[in-house]
Structures are given as C-alpha cells and as structure tokens.
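Here is how the chains run, residue by residue.
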Amino acid sequence: MKKLMLVMLCGLSATTQAQHRLEKIWETKPIVAVPESVLDDGKGTLYVTLIDGDPWGLDGKGGVARLKPDGSGYDSTFITGLNAPKGMAIYRNRLYVADVTTVVVIDLKKGAIEKNIKWEDAEGLNDLTIDADGTVYVSDSKTAKVWRIQHDKPELYLEHMDGVNGLKSVGKDLIIASGKKFIKADRAKKVTPIATLPQGGDGIEPIGNGDYLVTSWSGWIFYVSANGQVETLLNTSAEKINAADIGYDAKKRIVYVPTFFAKTVAAYKLQ
C-alpha cells in the first residue's frame, strides 16, 4: 500500500496556490504574422517563427522574424519562404526550425537557409530541441512520434506519444509535453513522469533550478516545480489570446510569449 501511494504521489500533480507570478513588461502591436515560437539567442536577438497562413499548410507563407529583447526592431523578412514553422533551437551559429515535414537549417551569419532535412515519415513536425552534443530532437504531433537527428540523418526515437508537442533537452534528459503528461526520457529512453498538467502542454523552458515553465496553446502558462506541483501563472484563454512556444531569458527571468492568432509577442517578468 505504501508503495502504491508513493507511485500515485509521483505520477499526479497538485495545482497549488501561486507562489510565483508574471508581471507584464511590454507587448508588440498586433503586426506579428501568427507567431508560434520565440527563441532568445542570449546575444540581443529574439527569433520568432511566423506561420502567416494555415497552421499546417505547405503554402510558403511562413518565415522567421527578428525582434529586440525590448520589443522594438521587428523585422519580418529575416527568413522567408517557409511553410508553417514552429519550434526552434540554435547550435553553433545555426538555427534549426521545425517546418511541418522538414527541419530547416539556417546559417545565422549569412542569414540564409543552408539545408533542408526531409524524410517521408514526417507529417507534423512541431517542437525542436538540441542537446549539448548537437543531436536534434523533433516532435511530430500528427504521428505521435519523437525523431532524433544525428549527422542530418533522422531516426525514430519515441513513439505512441499521444499529443506530443513541446521538447527541451536538459542535461542528459529529454523533457516532453505529451498531452497533459509532462515527462522526461533519459538516454536509455526510460520515461519518468514529472507532473500532470491541467491542459495539454506546448512550450517548455527550464528555470534552471529543476523547475519549468510550460505553456498550453489555448492561453495558459504554468510553473511546474520539480516535485510535480503546478501553479497557474497566466490564463488568457477567455480572451482567446494564445500562449504558444515561449522563449526565456534565464538571467533576467523574462518570458517571451508568442500569442499566435492574436499576432503579438509579449514579455513578462517572472517574479
């Protein structure tokens, strides 16, 4: 019985009263063409994926914009001609972007697409993360799979991951939002629960102390503690303002929120 109770406590999350909060700093005008993801490069630039069309369409309307960390300097023309780009990660001056059926590799120094990594089984590539060794992990929300890419060669990593979306490489673990399941997989692919989310997870950002910020596309931001407790920091679902794949400045504790159909990027201070 004691063992059963321990398993139940580890596998379930308690939604607690807020010990943390978000204080809004700025928000752009509604001119951002359906922003899905924001990535802080730590060097004074925010990269923003723009869908600007059907969220899963192969229409060539998408791209990557640039924005300064104070919300100024919006440049929607940095990279154009993508489809419906979503998650991003940077490794050695290259920006990797999940773009429906393709992982697009962008040379940041040249500001140009270097290559496209494409494979037949990719149908709905969504979030993307890169570990310290340069291995790329990308979720496919339409096939419930996670792919691993090494030396530009994709291979199936995890499957039967219903609702899979957000990914984040942290140390030797892959942190995953799979529907309401917030879990981690180690290098041996052993999956361990972290928490149960009130809503299906989207973006994931580590705080740096074992805790995480997790979004739900419909407009929620949660603070997930390492012990599995979940706090609601933001809920804009009633206003139909989305909260997609967030960016995070860990030093300044600033959260950058792409609002998708609301067509803005907003910045909040984590208190």
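Quantities reported herein were computed from a predicted structural model and do not represent experimental measurements. (Residues numbered from 1 in each chain as written. Predicted model: local features only at pLDDT ≥ 70, side-chain atom pairs only at ≥ 80, totals over all residues. Heavy atoms only, no water.)

(A) Representation of the pattern of salt bridges within the structure. Tallying each qualifying case throughout the model produces 8 salt bridges. Here K115 and E114 are joined by a salt bridge, their closest N and O atoms 4.0 Å apart. Given the relative accessible area of 31%, K115 is considered partly exposed. Relative accessible area serves as the criterion here: at 34%, E114 is assigned to the partly exposed category. Here D131 makes a salt bridge to R187, at a shortest N to O gap of 4.0 Å. With D131 in the loop between β10 (125-130) and β11 (136-140) and R187 in the loop between β16 (181-185) and β17 (191-196), this pair connects stretches of sequence that are 56 residues apart. Overlapping salt bridges, with partners in common, bring together R94, E114, K115 and D152 in one network. (Salt bridge = Lys/Arg side-chain N within 4 Å of Asp/Glu carboxyl O. Buried < 20%, exposed > 50% of the residue type's maximum accessible area, 1.4 Å probe, protein only. Helix = DSSP H or I, 4+ residues; strand = E, 2+ residues; numbered from the N terminus.)

(B) Region of the structure containing the side chain of D107. Inspection of the secondary structure puts D107 in strand β8 (residues 102-107). In this structure, D107 is buried with no salt-bridge partner, the nearest side chain bearing the opposite charge being R94 at 4.3 Å. In this structure the side chain of D107 is engaged in a polar contact, spanning 3.0 Å, whose partner is the backbone nitrogen of K109. With residues up to four places along the chain from it excluded, the contact list for D107 reads N93, R94, A112 and E114. (Lys, Arg positive; Asp, Glu negative; His and termini not counted. Polar contact = N/O pair within 3.5 Å; in protein donor to acceptor, adjacent residues only side chain to side chain. Contact = heavy atoms within 4.5 Å.)

(C) Region of interest: the nonpolar core. Within the largest apolar cluster, 16 residues are counted, with the highest numbers of intra-cluster contacts made by Y96, V103, W119, L128 and V138. Put simply, the parts of the chain that give this core at least two residues each are β6 (88-91), β7 (94-99), β8, β10, β11 and β12 (145-150). In terms of residue count, β10 provides more of this core than any other element does, 3 residues in total. If you look at the next biggest cluster of nonpolar residues, it comprises 15 residues, including I221, A243, Y248 and L270. (Core = buried A, V, L, I, M, F, W, Y, C linked by side-chain atoms within 4.5 Å.)

(D) Just the environment of Y212, in detail. Structurally, the position occupied by Y212 is in strand β19 (residues 212-216). Not counting residues up to four positions away in its chain, the partners in contact with Y212 are V170, I175, F182, I204, E205, P206, I207, F222, Y223 and V224.

(E) Spotlight on the sheet that holds β6. Spatially, the 4 strands line up as an open sheet ordered β6-β7-β8-β9, and their pairing is antiparallel. Across the chains shown, the open sheet's two edge strands, defined by having one partner strand only, are β6 and β9 (112-118). Taken over all neighbouring pairs, the strand axes of this sheet differ in orientation by 25 degrees on average, direction set aside. In this sheet, β8 lies alongside β7 in antiparallel orientation, the contact comprising 6 bridges. Bridge assignment links V97 to a residue of β8, and that residue is V104. (Pairing = 2+ DSSP bridges. Axes fitted to C-alpha atoms, helices over the stretch in contact; angles between N-to-C directions.)

(F) Fine view of the pairing of β10. For β10, a buried count of 6 out of 6 residues is recorded, marking the element as mostly surrounded by other parts of the structure. Counted along the chain from β10 to the antiparallel partner β11, the turn is 5 residues long, and its residue G134 has a positive phi close to 90 degrees.

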